[in-house]
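Chain and residue survey
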Number of protein chains: 2
Amino acid sequence: MRKILTNTKTKNQFKDFLLTQGLKSTRQREIILDEFLRAGSHLSTEDLYLRLRKGNPHIGYATVHRTLKLFAECGIAEQRHFGDGQARYEASDCDEHHDHLICVVCGKIVEFEDPRIEELQLEVAGAHGFTIERHRLELYGCCLECRQV
Amino acid sequence: MRKILTNTKTKNQFKDFLLTQGLKSTRQREIILDEFLRAGSHLSTEDLYLRLRKGNPHIGYATVHRTLKLFAECGIAEQRHFGDGQARYEASDCDEHHDHLICVVCGKIVEFEDPRIEELQLEVAGAHGFTIERHRLELYGCCLECRQV
DNA sequence: CGTCTAATTGAAAATGGATTTCAATTTAAA
DNA sequence: TTTAAATTGAAATCCATTTTCAATTAGACG
Ligand SMILES: [Mn+2]
Ligand SMILES: [Mn+2]
Ligand SMILES: [Zn+2]
Ligand SMILES: [Zn+2]
């Protein structure tokens, strides 16, 4: 129920974006958004493209790529880079920000949020005369499961 | 004086690395290391290649690329990615770690270190069952100079 | 409804940094 | 020296991303 409401909100946000930008609502864009919301987070373009192909073999890679960029542009998705050379996308949880723990053994990605770190970042930036627009914090290590084998 | 001593230490570290790995000390590797230490930090392969070309037009891009990777492998340099799609390298300051503030307007990169943040990172990772191997913290914003125009 | 124009699509090509190939050269051990 | 292995550099390849372009489609307007 919560998820469905969120998805509806996200879909509306995308529709509004298309309208205000003079862009068109297409079957492909709807299908891609549906699958993007259904799939888990942190997918690469390739990931999403392959998932889509199963039910929609006609959708091209370029369209998936362009649509993901539209999602990011309109704020319903965020692009991430975890150092494996390919961009990943995840749905934006409204205005909530989070950072990532990445297991270098199994690839698992855990999200976290720590207001104390965020606060210190602001302080450090201020001390150097910077205003922060965005940041990126990734902790690479080994997860519990991978240490137990 | 300080710099010269540090450079000597770095060069020795590289020489030792080559020896222990059964690799060879070559004229190109010496020239590339000299120029790498002379040039400022956060250079891309292209940056270093272009600098080298001025005095050593015979050195190839592939050699610069391979040599920078060797530097990173032996611990005298670290590879960084600041989101512009190309790898950058900087000399390792012994075992001191630092993070980066990046001005999105002029591209300036400021280094900082905050033990409180590092400590909190460990705490957060521990709370999720992770041990940290390395991390990456980049603050993107606007520097003082760029805000004053 | 059609008509029309601009946006969209998808296959293929282009891009660009990173990496590899390979024949010629160089290092350094024997 | 001689010799085997490592290195070099130009060119080729890789691979994710981005662009091109002709065909198709959305949707505004009458
Ligand atoms: Mn996430
Ligand atoms: Mn640095
Ligand atoms: Zn793991
Ligand atoms: Zn600036």
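Below is a summary of the structure that appears in this document. (Residues numbered from 1 in each chain as written. Chains lettered and ligands numbered in written order. Predicted model: local features only at pLDDT ≥ 70, side-chain atom pairs only at ≥ 80, totals over all residues. Heavy atoms only, no water.)

A word on the overall build of chain A
As a reminder of what qualifies: Only DSSP runs of H or I reaching four residues or more are called helices, and only runs of E reaching two or more are called strands; each is numbered from the N terminus. Only protein chains enter the area calculation, which uses a 1.4 Å probe; residues under 20% of their type maximum are buried, those over 50% are exposed, and those in between are partly exposed. We call two residues in contact when some of their heavy atoms are within 4.5 Å. Each accessible area value is a Shrake-Rupley result obtained with a 1.4 Å probe; residue values ignore everything except the protein chains displayed when judging cover.
Check the secondary structure of chain A and you find six helices and six strands. Along the chain direction, N to C, the helices and strands of chain A fall in the order α-α-β-α-α-β-β-β-β-α-β-α. Classification of the 149 residues of chain A by burial places 42% in the buried group. The long-range share in chain A, meaning contacts at least 24 apart out of those at least 6 apart in sequence, stands at 51%. Of the accessible surface of chain A, which amounts to about 8,600 Å², a share of 50% is contributed by carbon and sulfur atoms.

Remarks on the pattern of salt bridges
Using the following cut-off: The term salt bridge refers to a pairing of a side-chain nitrogen on Lys or Arg with a carboxyl oxygen on Asp or Glu at a separation within 4 Å.
Overall, the coordinates contain 24 salt bridges over all chains when judged by the stated rule. For D114 of chain A, the salt bridge goes to R116 of chain A, with nearest N and O atoms at 2.8 Å. Judged by relative accessible area, which is 6%, D114 of chain A ranks as buried. Overall, R116 of chain A belongs to the partly exposed group, its relative accessible area being 40%. As a salt-bridge pair, K108 of chain B and E145 of chain B come within 2.5 Å of each other at their nearest N and O atoms. In this pair, K108 of chain B is assigned in the loop between β4 (99–103) and β5 (109–112) and E145 of chain B in helix α6 (residues 144–147), connecting sequence segments 37 residues apart. Members of the salt-bridge network, linked through shared partners, are R136 and E138 of chain A together with R136 and E138 of chain B.

What to know about the packing of aromatic side chains
Heads up, the rule is: Stacked, tilted and edge-to-face are the three classes applied to pairs of Phe, Tyr and Trp rings, where Trp contributes its six-membered ring and a pair requires centres within 6.5 Å; stacked means planes under 30 degrees apart, edge-to-face means over 60, and tilted covers the rest. Working rule: Lys NZ or Arg CZ, within 6 Å of ring centre, within 35 degrees of ring normal, means a charge sits over the ring.
Scanning the entire structure with this criterion turns up six aromatic pairs over all chains. With a centroid separation of 5.4 Å and an interplanar angle of 75 degrees, the aromatic rings of Y49 of chain A and Y61 of chain A are classed as edge-to-face. Here Y49 of chain A is found in helix α3 (residues 45–55), whereas its partner Y61 of chain A is found in helix α4 (residues 61–74), with 12 residues between them in sequence. Following the ring pairs from residue to residue traces out a cluster consisting of F14, F36 and F71 of chain A. Lying over the aromatic face of Y140 of chain B, R134 of chain A brings its terminal NZ or CZ to 4.2 Å of the ring centre.

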